[in-house]
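Inside the fold
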There are 2 protein chains.
Amino acid sequence: TNEEGEEEEQVVNPWEVSAGKGGIDYDKLVDQFGCQRLDDALVARVARLTARPPHRFLRRGLFFAHRDLNEILDLYEKGEKFYLYTGRGPSSEALHLGHLIPFMFTKYLQDAFKVPLVIQLTDDEKFLWKNLTVEETKRLARENAKDIIACGFDVERTFIFSDFNYVGGAFYENMVKVARCVTYNKVVGIFGFTPEDHIGKVSFPPVQAVPSFPSSFPHLFSGNDQLRCLIPCAIDQDPYFRMTRDVAPRIGYQKPSLIESRFFPALQGENTKMSASDPNSAIYVTDSAKEIKTKVCFKHCILVENYCNFIFYLRPFKFWSSIKSSVL
Amino acid sequence: TNEEGEEEEQVVNPWEVSAGKGGIDYDKLVDQFGCQRLDDALVARVARLTARPPHRFLRRGLFFAHRDLNEILDLYEKGEKFYLYTGRGPSSEALHLGHLIPFMFTKYLQDAFKVPLVIQLTDDEKFLWKNLTVEETKRLARENAKDIIACGFDVERTFIFSDFNYVGGAFYENMVKVARCVTYNKVVGIFGFTPEDHIGKVSFPPVQAVPSFPSSFPHLFSGNDQLRCLIPCAIDQDPYFRMTRDVAPRIGYQKPSLIESRFFPALQGENTKMSASDPNSAIYVTDSAKEIKTKVCFKHCILVENYCNFIFYLRPFKFWSSIKSSVL
């Protein structure tokens, strides 16, 4: 639907999301990444199997793509279980609304399917990509964990870990197994690294890959190495799991399934996502009503309408009404 | 001293050692790697400081090169301590005579200087480079540890660890810190990786680097993060520590010092080193006198004289006399 020139500007990878004025072309992304569209029939099947209305993020198409979600549902229908894996790169003090999307949706999935959940805090990733100390990324991980816990996960079925604390043992063994299956050429193709990039970047993809394998968590899933994994995430994380799905059968593991969301648009407009690196692009869960009003009215409110097309996804939030009454 | 053509054949890196017929040109290696020659004055200084005769490997020039050994001796003279770090890649069931060189020498250094020692078993490295399972490399590491312990290290001052067991926590933090300081171009320059090599190889150098930093061992050296480290090793391991020494000051750590040996020649001759990958090149500590005789007389004994030029380094071994009486 965009002009040719604008289409070419679209960049979506784990570190950058940008598109032309028309916003991100999600149809094109699905084709480019090779994932599947999440259609009404599949949403209806989720509702039937879980005997509850599908989450509004499903009904409204915020989660719009998947990989092998049907296989997870087949298993569930036969009475078998799976587990959920999602995560967060701790780059800011508090979460913003975009960060909440996968966590709110994952909470729904955990409630609806009654399954275990692992949440990875990639403090090592943020150390490698940002100009932060190890101590600072670990501190941000702890702060972020508090916001994540506040989403209301089942404490009996949820394991939150930071890479700096947890990497080692079976987790490290799986990292090395994945690394042996992926060439440098391959990661360059997937992630676009250059020879001037440091080797920490090249080394990181196996760290994000291995929570997809239950044997990485012997204290949770011991003896259940073939348990299937479902990953709710934004579609910019797809490259990690394309790689993971390619490697899994070669090291004797199941491929993870995915359910993937659109991005929460930046306050500046739909051509990029809300980003913790740019405070004016984001509303944090810790922002006051006044701060939110100021941010949303940034640039003389010309973008308010654009932005408000998305805000309805977040209706349950208590500050919703104050945003609405303040700015609309 | 070699012809031009032969000189060009010399390849020395952590995975390959080969040279022309004249054997390895160690003078050239010292210049190429940029390390320092270990001269008689330095050997005499070691003897004076430790108040004991220098080890025969020093007197006879088997350890022939170093990096900043004088700085370690300066510290020791002032009454300060340091620690030793050496290691082994567990690629075979038993150690061979070449493997014993660093361990025998390290035992002497530990006795003479009364210092702590860490010994890294790189089972992860052997998984990445050889066609072995994780379980097999871990088993080989345990078997090798027994041979290493038999060298007689001070049990109160020695920590032996396998990467698969120990990586994590402070050790993993240091790995990530090192990785952020080294570009892909840099590791290609140092180790010769190609784009078709898997990313496990690219990720490994930080694993071998970080035992050089005392903060990688909080249970041993807590609060003593500036403790100096001396690494006895064969000169083919120099590339890892050139990289480590380059990175150390950038992450607030001391550069490790090195003391480096020649190679124990293969039974086939001095143009390569004894290798566990080729059983006919090596005499294992578990070989019987009969097996040793067969191996040494391989190829109609034409190489015996060549080989025996080196055997005198190992005089203390109990099978020495049986080799000598059997084959000479």
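Thresholds, definitions, all that
Residues numbered from 1 in each chain as written. Chains lettered and ligands numbered in written order. Predicted model: local features only at pLDDT ≥ 70, side-chain atom pairs only at ≥ 80, totals over all residues. Heavy atoms only, no water. 1 Å grid on protein atoms, 1.4 Å probe; cavity = no way out; pocket = protein on both sides within 12 Å on 5 of 7 lines; lining within 4 Å. Points joined across faces, edges and corners; volume = space filled by probe spheres on them. Nonpolar A, V, L, I, M, F, W, Y, C, P; charged D, E, K, R; others polar. Pairing = 2+ DSSP bridges. Helix = DSSP H or I, 4+ residues; strand = E, 2+ residues; numbered from the N terminus. Contact = heavy atoms within 4.5 Å. Axes fitted to C-alpha atoms, helices over the stretch in contact; angles between N-to-C directions. Buried < 20%, exposed > 50% of the residue type's maximum accessible area, 1.4 Å probe, protein only. Polar contact = N/O pair within 3.5 Å; in protein donor to acceptor, adjacent residues only side chain to side chain. Phe/Tyr/Trp six-rings, centres within 6.5 Å; stacked < 30°, edge-to-face > 60°. Lys NZ or Arg CZ within 6 Å of the ring centre and 35° of its normal. Right-handed = clockwise from strand over helix to strand, strands pointing away.

On to empty space enclosed by the protein. The final tally for this structure, using the stated rule, is 7 cavities of 30 Å³ or more. Along the wall of the largest cavity there are 20 residues; nearest its centre are Met 175 and Ser 203 of chain A together with Tyr 172, Met 175 and Ser 203 of chain B. In the lining of the largest cavity, the residues fall into 16 nonpolar, 4 polar and no charged.

Residues and elements named next belong to chain A. Spatial ordering of the open sheet is given by β3-β4-β9-β8-β5-β6-β7, a layout of 7 strands whose pairing is mixed. One side of each edge strand has no neighbouring strand; the edge strands of this open sheet are β3 (36–37) and β7 (158–162). Sheet topology places strand β5 (residues 82–88) next to strand β8 (residues 228–234); 3 bridges connect them, and they run parallel. If you follow Phe 82 over to β8, its bridge partner there is Arg 228. Against the sheet, helix α5 (residues 69–77) contacts β3, β4 (63–67), β5, β8 and β9 (257–261), and its axis sits at roughly 135° relative to β8. Contacting β4, β5, β6 (117–121), β7, β8 and β9, helix α6 (residues 97–113) crosses the sheet at an angle of about 165° to β5.

Strand order in the open sheet formed by 7 strands is β3-β4-β9-β8-β5-β6-β7 (chain B), and the pairing between neighbours is mixed. Edge positions in the open sheet fall to β3 (36–37) and β7 (158–162) of chain B, since each of these has one partner strand only.

A separate point is the side chain of Ser 216 of chain A. Residue and element names in this part refer to chain A. You can see Ser 216 is positioned in the loop between α13 (205–209) and α14 (218–221). Its relative accessible area of 0% is what places Ser 216 among the buried residues. Within polar-contact distance, the side chain of Ser 216 engages the side chain of Asn 174 at 2.8 Å. Contacts of Ser 216, omitting those with residues within four sequence positions, involve Tyr 166, Ala 170, Phe 171, Asn 174, Val 210 and Pro 211.

All right, on to the packing of aromatic side chains then. Across all of its chains, the model carries 69 aromatic pairs over all chains by this definition. Between the aromatic rings of Phe 159 of chain A and Phe 161 of chain A, the centroid separation amounts to 5.5 Å while the plane-to-plane angle is 15°, which identifies the pairing as stacked. Judged by relative accessible area, which is 18%, Phe 159 of chain A ranks as buried. Residue class for Phe 161 of chain A comes out buried when judged on its relative accessible area of 4%. Measuring from ring centre to ring centre gives 3.4 Å for Tyr 184 of chain A and Tyr 184 of chain B, while their planes differ by 0°; the resulting arrangement is stacked. Of this pair, Tyr 184 of chain A sits in helix α11 (residues 184–191) while Tyr 184 of chain B is found in helix α11 (residues 184–191), placing the two residues in two different chains. Stacked on the ring of Phe 127 of chain B, the Lys or Arg Arg 180 of chain A has its end atom at 3.8 Å from the ring centre.

Glancing now at the pairing of strand β5 (residues 82–88) of chain B. All names here are of chain B. The buried fraction of β5 amounts to 6 of the 7 residues, a majority that puts the element mostly inside the structure. As judged from the 5 bridges shared by β5 and strand β6 (residues 117–121), these two strands associate in the parallel manner. Directly across from Arg 88, in β6, lies its bridge partner Leu 121. One crossover worth recording links β5 to the parallel β6 by way of helix α6 (residues 97–113), and it is right-handed.

Next up on the list: the environment of Glu 196 of chain B. Secondary-structure assignment places Glu 196 of chain B in the loop between α11 and α12 (199–203). Residue Glu 196 of chain B is classed as exposed on the basis of its relative accessible area of 54%. Here Glu 196 of chain B is in contact with Thr 183 and Asn 185 of chain A, once residues within four sequence places are set aside. Of note is the side chain of Glu 196 of chain B, whose polar atom sits 2.6 Å from the side chain of Asn 185 of chain A.

So, about the environment of Leu 109 of chain A. Residue and element names in this part refer to chain A. By the element assignment, Leu 109 lies in helix α6. Using a relative accessible area of 3% as the deciding quantity, one classes Leu 109 as buried. The sequence separation of Leu 109 and Leu 97 amounts to 12 residues, and the corresponding C-alpha distance is 19 Å. With sequence-adjacent residues up to four places away left out, Leu 109 is seen in contact with Leu 84, Lys 114, Val 115, Leu 230, Pro 232 and Ile 259.

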